Amino acid sequence: MNTKQIIDDFDEYGDEISKKLSANHWRPYFLIKEKFSNIIFDDEFKNRFCGFYIMNGPMGLNDFQKNEFFKLLSAKENDLEKVLRTLYEIPGYRGSHKLFLSFGTKLLHTIDNSLPIYDRNIASVLELTNQAIGTIEERIKNRIDIYIELKNNFVLLLKDQTVIDFLQDMRKEIHKESAQNNFEWKNSLVSDVKLLDSSLWALYTIRKELEENQKS
């Protein structure tokens, strides 16, 4: 992880990051958090969850996998290895069997928002270890190791005073923009881990846009 580059980019692209983290980003997240805390696992919750976390389509989960996923979520299953193994056993699109590290961490984060989320954007910005191939046991160990690496990187970033200050400023900016757009910013629902996660996600998209502009 290149901490200095991340901090420099936060400083340079802070305004762009806050714009990407608008009401449209937070509205479904707030609904998911509130319904989960109230133990409401209705169709609206499930549909919003699948839409927000991009669980639909060939790269996501089929209906059988989704049903098992929400069983694990409602049971507050917080063992990532168990989640990975359980979903792996259910055939997905075209009969495939996959280890869903990203969806597994999204499940864990919903249960405990002090836990970070893995996705390709975050993996790129933090320069995480690649997902390896091999036997199922080797692959599961690899995914668990990546998750440990992810958590350790978040701990390091959240100890950095510059990152702490950035997140505080981001909260103020998002709150201000939310008020201007008649959107209620629910500060208590957004942990520092989640705000950092969303900021890193947004930073990745900004970097990609810059790369594309340089090519054109």
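A brief report on the enclosed structure follows.

Scoring rules and cut-offs
- Residues numbered from 1 in each chain as written.
- Predicted model: local features only at pLDDT ≥ 70, side-chain atom pairs only at ≥ 80, totals over all residues.
- Heavy atoms only, no water.
- Helix = DSSP H or I, 4+ residues; strand = E, 2+ residues; numbered from the N terminus.
- Rg over C-alpha atoms; globule rule 2.2 N^0.38 Å.
- Buried < 20%, exposed > 50% of the residue type's maximum accessible area, 1.4 Å probe, protein only.
- Contact = heavy atoms within 4.5 Å.
- Areas by Shrake-Rupley, 256 points an atom, 1.4 Å probe, with all protein chains shown as cover.
- Axes fitted to C-alpha atoms, helices over the stretch in contact; angles between N-to-C directions.
- Parallel < 35°, antiparallel > 145°, perpendicular 65-115°, else oblique.
- Left-handed = near helix turned anticlockwise from the far one by under 90°.
- Nonpolar A, V, L, I, M, F, W, Y, C, P; charged D, E, K, R; others polar.
- Phe/Tyr/Trp six-rings, centres within 6.5 Å; stacked < 30°, edge-to-face > 60°.
- Lys NZ or Arg CZ within 6 Å of the ring centre and 35° of its normal.
- Arc of directions from axis to C-beta.
- Polar contact = N/O pair within 3.5 Å; in protein donor to acceptor, adjacent residues only side chain to side chain.
- Core = buried A, V, L, I, M, F, W, Y, C linked by side-chain atoms within 4.5 Å.
- Salt bridge = Lys/Arg side-chain N within 4 Å of Asp/Glu carboxyl O.

Considerations on the overall build of the protein chain
Part 1 of the argument: Counting its regular elements, the protein chain contains 10 helices and zero strands.
Part 2 of the argument: Taken over the C-alpha trace, the protein chain has a radius of gyration of 18 Å; the compact-globule value for 216 residues is 17 Å, and the two agree within 12%.
Part 3 of the argument: By principal-axis analysis of the C-alpha atoms, the protein chain measures approximately 45 × 40 × 40 Å.
Part 4 of the argument: Looking at the protein chain as a whole, 47% of its 216 residues qualify as buried.
Part 5 of the argument: In the protein chain, the share of contacts with a sequence separation of at least 24, taken over all contacts with a separation of at least 6, comes to 70%.
Part 6 of the argument: Accessible surface computed for the protein chain: about 11500 Å², of which carbon and sulfur atoms make up 48%.

Examining the packing of helix H2 (residues 23-37) against helix H3 (residues 43-52)
Part 1 of the argument: The interhelical angle for the contact between H2 and H3, taken along N-to-C directions, is 140 degrees, at an axis separation of 10 Å. Here H2 is positioned oblique relative to H3, judged by the angle of their axes. In this structure, H2 crosses over H3, and the sense of that crossing is left-handed. Facing His-25, Pro-28, Tyr-29, Leu-31, Ile-32, Lys-35 and Phe-36 of H2, the residues of H3 in contact are Glu-44, Phe-45, Arg-48, Phe-49 and Phe-52.
Part 2 of the argument: Of the residues contributing to the contact of H2 with H3, the split by class is eight nonpolar, one polar and three charged.

Describing the packing of aromatic side chains
Part 1 of the argument: For the structure shown, the criterion picks out 18 aromatic pairs.
Part 2 of the argument: Here Phe-45 and Phe-49 contribute two aromatic rings whose centre-to-centre distance is 5.8 Å and whose plane-to-plane angle is 50 degrees, an arrangement assigned as tilted. Pair noted here: Phe-45 and Phe-49 are both in helix H3, with a separation of four residues, about one helical turn. Neither residue differs from the other here; Phe-45 and Phe-49 are each classed as buried.
Part 3 of the argument: One Lys or Arg, Lys-194, reaches over the ring of Tyr-29 and ends 5.1 Å from the middle of that ring.

Details of helix H5 (residues 80-88)
Part 1 of the argument: All of the buried residues in H5 are Leu-80, Val-83, Leu-84, Leu-87 and Tyr-88. Relative to the axis of H5, the buried residues are bounded by an arc of 125 degrees and lie together on one face.
Part 2 of the argument: At its buried positions, H5 is contacted by helix H4 (63-74), helix H6 (101-111) and helix H8 (136-159).
Part 3 of the argument: Between the side-chain oxygen at the start of H5 and the backbone nitrogen of Glu-81 there is a gap of 3.0 Å, and the oxygen is on Asp-79.

Regarding the nonpolar core
Generally speaking, a soluble globular protein has its nonpolar side chains buried in company with each other.
Part 1 of the argument: Within the largest apolar cluster, 65 residues are counted, with the highest numbers of intra-cluster contacts made by Ile-17, Trp-26, Phe-49, Phe-69, Leu-126 and Leu-200.
Part 2 of the argument: Tallying contributions element by element places helix H10 (residues 192-215) first for this core, with eight residues.
Part 3 of the argument: Discounting residues that sit within four places of it in the chain, Leu-126 has contacts with Met-1, Ile-6, Leu-150, Asn-153, Phe-154, Leu-157 and Leu-200.

Considering the pattern of salt bridges
Part 1 of the argument: For the coordinates displayed, the defined rule picks out 14 salt bridges.
Part 2 of the argument: Close ionic contact of Lys-186 with Glu-34 constitutes a salt bridge, the shortest N to O distance being 2.6 Å. Residue Lys-186 is located in the loop between helix H9 (161-180) and H10, and its partner Glu-34 is located in helix H2; the two are separated by 152 residues in the primary sequence.
Part 3 of the argument: Accessibility expressed as a relative area gives 29% for Glu-34, which makes it partly exposed.
Part 4 of the argument: The salt bridge partner of Asp-197 is Lys-194, with a shortest N-O separation of 2.9 Å. Residue Asp-197 and its partner Lys-194 are located together in helix H10, separated by three residues, close to a single helical turn. For the pair shown, Asp-197 and Lys-194 are each scored as buried.
Part 5 of the argument: Connected through shared salt-bridge partners, Lys-35, Asp-42 and Glu-44 make up one network.

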